[in-house]
Structure formats: structure tokens, C-alpha cells
Amino acid sequence: MKSLSKILITISLFIGFLSANAQSTWVAPKSADAITNPLKNDLTAIKKGKTIYQQLCAVCHGDKGKGDGLASASLNPKPANFLSEKFQKQTDGAVFWKLTEGKAPMASYKESLSVSQRWQLVSYLKSLK
Ligand code: HEC
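Sequence order as written defines residue numbering, which begins from 1 separately in each chain. Only residues with pLDDT of 70 or above have their local features reported here, since the model is predicted, and side-chain atom pairs are shown and tallied only from 80 upward, although totals for entire chains, interfaces and linings are computed over all residues. Think of the side-chain values as coming from all heavy atoms in the structure, minus any hydrogens and water.

1. Looking at the coordination of the iron atom of the ligand
Nitrogen, oxygen and sulfur within 2.8 Å of a metal are treated as its donors, or within 3.2 Å for sodium, potassium and calcium (Na, K, Ca); water is not counted, so a site can appear incomplete. On the protein side, the iron atom of the ligand has His61 (NE2) and Met106 (SD) as donor atoms, found 2.0 Å from it. Metal sites are grouped by the angles between bound donors: all angles between 85 and 135 degrees with four donors is tetrahedral, opposite donors over 155 degrees apart with the others between 65 and 115 is square planar for four donors and octahedral for six, and any other pattern is irregular. Around the iron atom of the ligand sit 6 donor atoms; with metal-centred angles ranging over 85 to 179°, the donor geometry is octahedral. Linking His61 in helix H3 (residues 58-61) with Met106 in the loop between helix H5 (92-101) and helix H6 (115-126), this pair joins segments that are 45 residues apart in sequence. The classification of residues rests on relative accessible area computed with a 1.4 Å probe and restricted to protein chains. Under 20% of the type maximum is buried, over 50% is exposed, and intermediate values are partly exposed. You can call His61 buried: its relative accessible area is 10%. Helix numbers and strand numbers start at the N terminus; a helix is a DSSP run of H or I with at least 4 residues, a strand a run of E with at least 2.

Spelled out as C-alpha cells, the structure:
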């Protein structure tokens, strides 16, 4: 009995270790790729998106979008780096879907931001490359 509990503890520590080191693979559903951005490359929208970003997102994703905001140190998984190729390769629709749905520790912005505010953010994030 004693050795069984030792084995169980070892296993749970190992799983904890794995998840602490796991690279997040958050993938939007394929259908999201088909949603087109009505505010793509719209300079006014990008500017508005930047303002919202500074207010709501920079605390985790960092001032420049590198994923190094004040709150990021304690987060697992880490906030995304918007300058990365991996991020920039995603469709605008996929990014919009993620903002809308959220995924802990990030909130869903479905209720708190309007559809056009979410597209403003997408346009801003895609302008960061
Ligand atoms: C509490 C901290 C926090 C806040 C605030 C936050 N995020 Fe995030 N965000 C995260 C984390 C952590 C992830 C990574 C989640 C994962 O990969 O599982 C993430 C992921 C994302 C992704 C997906 C990136 C990718 O490559 O797939 C997008 C897009 C995003 N955030 C946009 C935003 C925007 C825009 C805001 C502000 C409206 C925001 N986030 C606010 C923590 C946060």
C-alpha cells in the first residue's frame, strides 16, 4: 500500500511537471478562418485597437505585444507574443474567434467588447509585425 501511494505521488508530480512546461497549442476551429476582417488595414481602427489594447491587454501581453506584461510572470500558459511568426500566420478570423471565446487565464471578450472593438484589436495585433 505504501509503495502504491509513492508511485501515485510520483506520477502526479510528473504530470504537474509536464503541464507546467507544456507549450500551449490553442487552435481556433477551421470555420473561424472564413470570417473576414471588415476593418483590415484600416488605420483608424488600428489606432482605436491600440487604445483598447493598452487598457485591457498590455498588463498580460506587454506594451509592445511580446507577451511580457506585468502579470505575465505568474501565468501558465504564458500570454502570446504577437510579434511571433506563429501568431502572425493565423487568419484574422482565428484571432477574432480567440478574443471572442477566451481561454483561461484570458477572459472572453464576447460581452465586454463590441464586434467592431474586437476587429479593431485584431487589426492592431496584425499591424505589430
Ligand atoms: C490575464 C492575462 C491576459 C489578458 C488581460 C489578456 N490575455 Fe490574451 N492571452 C493570455 C494568455 C495566457 C494567452 C495564451 C493562452 C493559450 O495559449 O493557451 C493569451 C492568448 C491570446 C491570443 C491567442 C494568441 C495565439 O497565438 O493564439 C490572443 C489573440 C489574445 N490573447 C489577445 C488578447 C487581447 C486582444 C487582449 C485584450 C483585449 C488580451 N488577450 C488580454 C492572457 C491574457
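Back to the text.
2. Topic: the side chain of Lys126
With respect to the helices and strands, the residue Lys126 is situated in helix H6. According to the relative accessible area criterion, Lys126 is buried, its value standing at 11%. Beyond its immediate stretch of four places on either side in the chain, Lys126 contacts Phe87, Gln88, Gln90, Thr91, Asp92 and Val95. Throughout, a contact is declared for two residues whenever any of their heavy atoms are within 4.5 Å.

3. A look at the environment of Gln117
You can see Gln117 is positioned in helix H6. What makes Gln117 partly exposed here is its relative accessible area of 28%. Sequence separation of Gln117 and Ile52 is 65 residues, and the distance between their C-alpha atoms is 8.0 Å. In this view, Gln117 contacts Ile52 and Ser112; residues no more than four positions away in its chain are not counted.

4. Observations regarding the site of the ligand
The rule for a residue being near a molecule or strand is that one of its heavy atoms must lie within 4 Å of it. Taken together, 22 residues lie near the ligand, and Cys57, Cys60, His61, Lys103 and Met106 sit nearest. For the purposes of these results, a polar contact is taken to be a pair of N or O atoms within 3.5 Å, where, inside protein, one atom must be able to donate a hydrogen and its partner to accept one; residues adjacent in sequence count only when each atom of the pair is a side-chain atom. In this structure, an oxygen atom belonging to the ligand sits 2.4 Å away from a side-chain N or O atom of Lys103. Taken together, the elements giving at least two residues each to the shell around the ligand come down to H3 and H5. In terms of residue count, H5 provides more of the shell around the ligand than any other element does, 3 residues in total. Under the scheme applied, nonpolar residues are Ala, Val, Leu, Ile, Met, Phe, Trp, Tyr, Cys and Pro; charged residues are Asp, Glu, Lys and Arg; polar residues are all the others, including Gly. Looking at the shell around the ligand residue by residue, the class counts come to 16 nonpolar, 3 polar and 3 charged.

5. A few points about the packing of aromatic side chains
In this analysis, rings of Phe, Tyr and Trp, with Trp reduced to its six-membered ring, are considered paired at centre separations within 6.5 Å, and the interplanar angle assigns stacked below 30 degrees, edge-to-face beyond 60, and tilted for intermediate values. The final tally for this structure, using the stated rule, is 4 aromatic pairs. A network of ring pairs unites the aromatic residues Tyr53, Phe82, Phe87 and Tyr124 as a single cluster.

Remember that the coordinates give geometry; whether it matters functionally is a separate question.
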